[in-house]
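So you can see what is in the structure, the chains are spelled out below.
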Amino acid sequence: MLQNFRTLPQLLDYFKDEQTCKNYLAQHRWDGKVTCPFCNHDHIYITNRGYKCANKTCHKKFSVTVGTIFENTKLPLRTWFAAIYLATSHKKGISSLQLGRDFGIDKKNAWFLLQRIREVFFTTDKPEKKDGLFHIDETFIGGKNKNRHADKKIEGSQGRSTKDKTAVFGVMQTGGEVFAIKVPNTTTETLKPVIEALIEKGAIIVSDEWTAYNKLSADYDHIVLNHKAEEYVRGAFHNNNIEGFWSLFKRGYIGIYHYMSPKHLDRYCMEFTYRFNRRRTHDMDRFSDAIKRTHGKRITWKELTANPTTENGVVSETCAVVE
Ligand SMILES: [Zn+2]
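All residue numbers refer to position in the chain's written sequence, counted from 1. Thresholds applied to this predicted model are a pLDDT of at least 70 for local features of residues and 80 or more for the giving and counting of side-chain atom pairs; totals over whole chains, interfaces and linings are not thresholded and use all residues. Calculation of side-chain values draws on the structure's entire complement of heavy atoms; hydrogens and water are dropped beforehand.

Observations regarding helix H5 (residues 107–118)
Okay, step 1: The way it works is that DSSP assigns letters per residue, a run of H or I at least four long becomes a helix, a run of E at least two long becomes a strand, and they are numbered from the N terminus. Given a helix with a known number of residues, its expected span is that number minus one, times 1.5 Å. Look at H5: 16 Å from first C-alpha to last across 12 residues, which is about the 16 Å you get at 1.5 Å a residue.
Okay, step 2: Judged by how many residues are buried, H5 sits mostly within the fold: 9 of 12 residues are covered.
Okay, step 3: Every buried residue of H5 is accounted for by Ala110, Trp111, Phe112, Leu113, Leu114, Gln115, Arg116, Ile117 and Arg118.
Okay, step 4: Working rule for contacts: check all heavy atoms of both residues, and any pair within 4.5 Å makes them a contact. Those residues of H5 that are buried lie in contact with helix H3 (77–89), helix H4 (96–103), helix H7 (240–257), helix H8 (265–277) and helix H10 (301–305).
Okay, step 5: Capping of H5 at its N-terminal end is provided by aspartate 106; its side-chain oxygen lies 3.0 Å from the backbone amide nitrogen of lysine 108. Each residue's exposure class comes from its accessible area (1.4 Å probe, protein chains only) as a fraction of the maximum for that residue type: buried when under 20%, exposed when over 50%, partly exposed otherwise. Polar contacts, as counted here, are pairs of nitrogen or oxygen atoms within 3.5 Å of one another; within protein the pair requires one atom able to donate a hydrogen and one able to accept it, and residues that are adjacent in sequence qualify only if both atoms are side-chain atoms.

Regarding the coordination of the zinc ion
Six octahedral donors at a metal ideally form angles of 90 or 180 degrees, and four tetrahedral donors ideally form angles of 109.5 degrees.
Okay, step 1: Listed donor atoms are N, O and S within 2.8 Å of the metal (Na, K and Ca: 3.2 Å). As water is not included, a site may look incomplete. Only Cys36 (SG), Cys39 (SG), Cys53 (SG) and Cys58 (SG) from the protein coordinate the zinc ion, and they sit 2.3 to 2.4 Å from it.
Okay, step 2: One way to put it: the 4 donor atoms around the zinc ion meet at angles of 101 to 115 degrees, and that makes the site tetrahedral.
Okay, step 3: Counting gaps between the donor residues of the zinc ion yields the pattern C-x2-C-x13-C-x4-C. Residue cysteine 39 is located in the loop between helix H2 (18–30) and strand E1 (44–46), and its partner cysteine 58 is located in the loop between strand E2 (51–53) and strand E3 (61–62); the two are separated by 19 residues in the primary sequence. Here the metal geometry follows the donor angles, with tetrahedral for four donors whose angles all fall between 85 and 135 degrees, square planar for four and octahedral for six when opposite donors are more than 155 degrees apart and every other angle is between 65 and 115, and irregular for all the rest.

Examining the pattern of salt bridges
Okay, step 1: We count a salt bridge whenever a side-chain nitrogen from Lys or Arg sits within 4 Å of a carboxyl oxygen from Asp or Glu. For the structure on display, the rule yields 9 salt bridges.
Okay, step 2: Residues arginine 286 and aspartate 283 are paired through a salt bridge, measuring 3.1 Å at the closest nitrogen-oxygen approach. Taken as a pair, arginine 286 and aspartate 283 lie in helix H9 (residues 283–292) at a separation of 3 residues, close to a single helical turn.
Okay, step 3: Judged by its relative accessible area of 6%, arginine 286 is buried.
Okay, step 4: One salt-bridge network, held together by shared partners, links Arg118, Glu271 and Arg275.

See below:
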């Protein structure tokens with residue numbers, strides 16, 4: 001099986017029809033051994049339309065897409081695969097408007113397609129605690145006061161206020177991965193449990209002088225860089241790595257997405273960390289890894305658009321046309 005595409009045309013040449021896509025999905029989903037998604041039985045009949053479980057108490061029919069992000073889709077898998085390739089290889093992502101135009105699908109469907117693809121970036125594994133050297137930092141997404149008309153400006157929304165912005169907290173291990181998560185605020189009460197869940201006691205943590213980090217020295221070797229005094233590097237300690245991640249995330253926000261709803265911000269965090277943590281791998285490896293992760297990740301339109309929230313006082317749109 002040819003699996004060494006280097007470009008989108010090569011990928012589309014290979015996935016020339018639905019059956020080729022199904023075979024590829026089956027190979028990656030089950031690693032060559034078809035398993036019933038209902039009872040995990042591995043004695044399976046192949047039928048004209050898909051599979052049938054040989055377990056007498058089950059006997060269910062299923063297709064390769066059942067339980068995956070592709071379940072019940074009306075789009076050809078070929079379109080999905082091309083979209084997954086673009087979403088995993090474009091460093092700053094691809095907007096639903098762009099994808100809709102490129103693929104000739106309406107913006108609502110393109111938005112839904114991309115949100116379902118984002119499911120593969122999530123991991124259900126509990127993060128492992130790690131030892132070593134870490135950089136921690138926060139950033140804020142949103143906040144358009146400077147572009148707002150005077151009577152629409154949100155008062156007191158400057159700086160760390162989350163009145164019209166959403167806070168994202170990031171942890172990056174030197175030589176390791178970045179982890180970013182949406183947080184309701186940047187207080188000690190919010191950030192400390194995240195730090196403790198990810199970093200072993202006794203590890204080295206580099207941060208700026210934000211007061212929420214004040215008590216970290218009780219459990220960690222805490223290096224505080226004094227950004228107010230323009231100290232960004234002290235010997236081997238600096239925040240350049242995580243700054244590099246924030247910079248990519250913000251370039252994606254400003255240049256590609258233009259808007260990330262607070263409600264779905266975690267999905268964008270996962271998308272950007274997924275690509276960033278695999279930035280040294282080939283596009284094709286990222287694509288095949290993403291295909292492997294498509295099962296057990298199904299999300300419906302109803303689930304995605306449930307509870308239009310007013311988190312942080314900001315009304316989040318269920319299907320933001322500018323997203
Ligand atoms: Zn079964």
